[in-house]
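Inside the fold
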Amino acid sequence: MMTKLRSYGPATLLLWVLVLIYLFPVAWFILSSFKPGSELFSLPLSILPENWTFSGYITAWNRFNFAQYFFNTGLVAVVTTVLTVFVSAMTGYALAKYKAKWLSVFFICILATTMLPTEVIMPSTFVVIRDLGLYNQLAGIIVPSVITATGIFMFRQYFKTVPDELLEAARIDGVGEIRAFFSIMLPLAKPIAVTLAIFSFQWRWNDYIWPLLVLNDPNRYTLQLALRSIVGADNIDWSVLLSASVISLIPMVVLFFVFQKQIMNADMNSGLKD
Amino acid sequence: MAATTQDPEVATATPRRRRQASIRRGQTIAPLIFIAAAVVLFALFFLWPGALGLWYSFTDYRGVGDPEFIGVENYAALFQDATFYSVLGRTAFYTLLSVPLHFVISLGIAVLVTTRSAIGKVPARVVFFMPWLISPIVNGVIWRWLFGENFGFVNYVLSVVGVDAVPWQTDANLSLAVVLFASSWGGTAFNMLLFMAALKNIPRSYLEAAEIDGATGWQRFRHITLPLLAPTSFLVVLLTTIGSMKEFAMIQALNGGGPGTENMLMVQYIYRTGFERSEIGYASAASMVLMVILIVVAVIQMRFDKGSDQS
């Protein structure tokens, strides 16, 4: 018993102290959202709400057009994710299975996009969006975020591990290049597609920078923009802000529990690191 | 065509050759089709804004009318702008603190959740991973709520034990510390995943052999695990550096770069100049400077990575 304690003790203790540190900010935030407005600031603060209430949630839901924000965010996240998986799969496949000088050049271009994120060139990106007629359109968030270096690298890395013989056999059988991809290669890459879809959905759901650049009309706001407008007010209504923030997390929590296994075992190294 | 039917040798050779030619042609055209969408998107949303930004940085463009070429005036003004220097300095300072912090925390936690000698690793992983689900904006909200100067839980606990309220929002360095906590908390999950995957790939036999030879836990970590993690470590450092230099959304919700503009970082500065003051030309010049810095940082780190591979 003593030796067991000695060998398991320190690591377990450290682990659980860290768990509590990581858990506390979000626990405090969620528990506070169930407090009535009057209790939020009344001393002494108590960790658990004395009177549990949904009043913050009800006010938040009624005061803001949350259904619309959910719809906008969901639409953007789903459509972008589907497009991202397809474009990444095709591009990654081309980079893995064909050899040409311009393919290597394009690979370097894609690599460069990780070093030069959109945040850096915001002003000119805005002008491009405006000139393309995408300003204030949900399409203006969807189209530019379809291309992701991470997704392309993930597929490229995966298709490199698929033996070339498979493709050659298909060619000898007279299967065309495009059909070989869609009917043989793409089905093989299903696990990668699922992983990328999960990550892409999270990126899009939580994205702030593209909606900020593109959207102006509050009816087209995504959740993140709506939250930012609450937190950016001169007098923050904390009761509403906390509840609204918790509401925005629900789909991500559901996503996590459905795909927990895929997420926790995702080897993103292969995608990002060559 | 007539010749092929007469000569049996040619008859068999030509279709095959023709077929090979068509396969080869397919192999040139197919990748073009596959990457077409990505090329168009890359050109529209990276190349075009990049080139346009470079052009605007030499103009007085303000979003309306025609941009007028003014040479290096924007850059000259930028290099005399005290705000720009303080923003640049603050961004560098923040990055220098944040990268080692992210690295140590996420590696440490990845080791703890994969080690044999800890109990309850599976629920612990879920907790450490949770911040990944949370958007930068909500992350900012959570830490703002926790570290509120007059209402936050942290200052309340301090007041209970008799410590005066700590100025988490009105002191520049303490505000930056809160930003660091929030970004490390939010960034742990992804880096931890990277390290966990890499740790899984380290052959157990190496560590067991070292253990038999009497190496302590720290020695095994220092001389076996850490060197084998080098590629992942490089990746984490590179991604965290870029991420820290473009930190924006989370700070917007946490303290807006406050107090005042003391913790304004580069992207916020570009956003302010470009959008709130609509000096697109001037903001583009700042963008180009940040872009050059990022390229230099990335190139240096890649050199460093190559160097460590060879040794």
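Rules used throughout
- Residues numbered from 1 in each chain as written.
- Chains lettered and ligands numbered in written order.
- Predicted model: local features only at pLDDT ≥ 70, side-chain atom pairs only at ≥ 80, totals over all residues.
- Helix = DSSP H or I, 4+ residues; strand = E, 2+ residues; numbered from the N terminus.
- Buried ≥ 20, exposed ≤ 12 C-beta atoms within 10 Å, placed from the backbone.
- Contact = placed C-beta atoms within 7 Å.
- UniProt positions renumbered as here; feature names shortened; annotations may be inferred.
- Axes fitted to C-alpha atoms, helices over the stretch in contact; angles between N-to-C directions.
- Parallel < 35°, antiparallel > 145°, perpendicular 65-115°, else oblique.
- Domains from an automatic or database assignment.

What about the overall build of chain B?
Helix and strand content of chain B: 14 helices and 0 strands. Across chain B, helices and strands are ordered from the amino to the carboxyl terminus as α-α-α-α-α-α-α-α-α-α-α-α-α-α. Principal-axis analysis of the C-alpha atoms places the extent of chain B at approximately 105 × 75 × 35 Å. Across the 311 residues of chain B, 40% fall into the buried class. Taking contacts inside chain B between residues at least 6 apart in sequence as the whole, the part at least 24 apart equals 67%.

Quick notes on the UniProt feature "transmembrane region" (unreviewed entry) in chain A
Residue and element names in this part refer to chain A. The UniProt entry lists residues 12-31, 69-95, 102-122, 134-159, 180-203 and 238-259 under the feature "transmembrane region" (unreviewed entry), expressed in the numbering used here. Helix makes up 100% of residues 69-95 and strand makes up 0%, while its end C-alpha atoms are separated by 37 Å. Annotation note: span residues 180-203, helix share 96%, strand share 0%, distance between end C-alpha atoms 31 Å.

Let's talk about the environment of tyrosine 85 of chain B
Inspection of the secondary structure puts tyrosine 85 of chain B in helix α4 (residues 82-112). With 159 residues separating them along the chain, tyrosine 85 of chain B and serine 244 of chain B place their C-alpha atoms 17 Å apart.

Here's the deal with the packing of helix α8 (residues 149-161) of chain A against helix α11 (residues 190-206) of chain A
Residues and elements named next belong to chain A. Axis separation between α8 and α11 bottoms out at 10 Å; the angle between their running directions is 170 degrees. Judged on the interaxial angle alone, α11 and α8 are roughly antiparallel. In this structure, α8 contributes Gly151, Met154, Phe155 and Tyr158 to the contact, and α11 contributes Ile192, Leu196 and Ser200.

Some details on the domain arrangement of chain B
Per the domain assignment, the segments making up chain B are domain 1 (2-56) and domain 2 (79-310). On a C-alpha basis, the centroid separation for the pair domain 1 of chain B and domain 2 of chain B is 44 Å.

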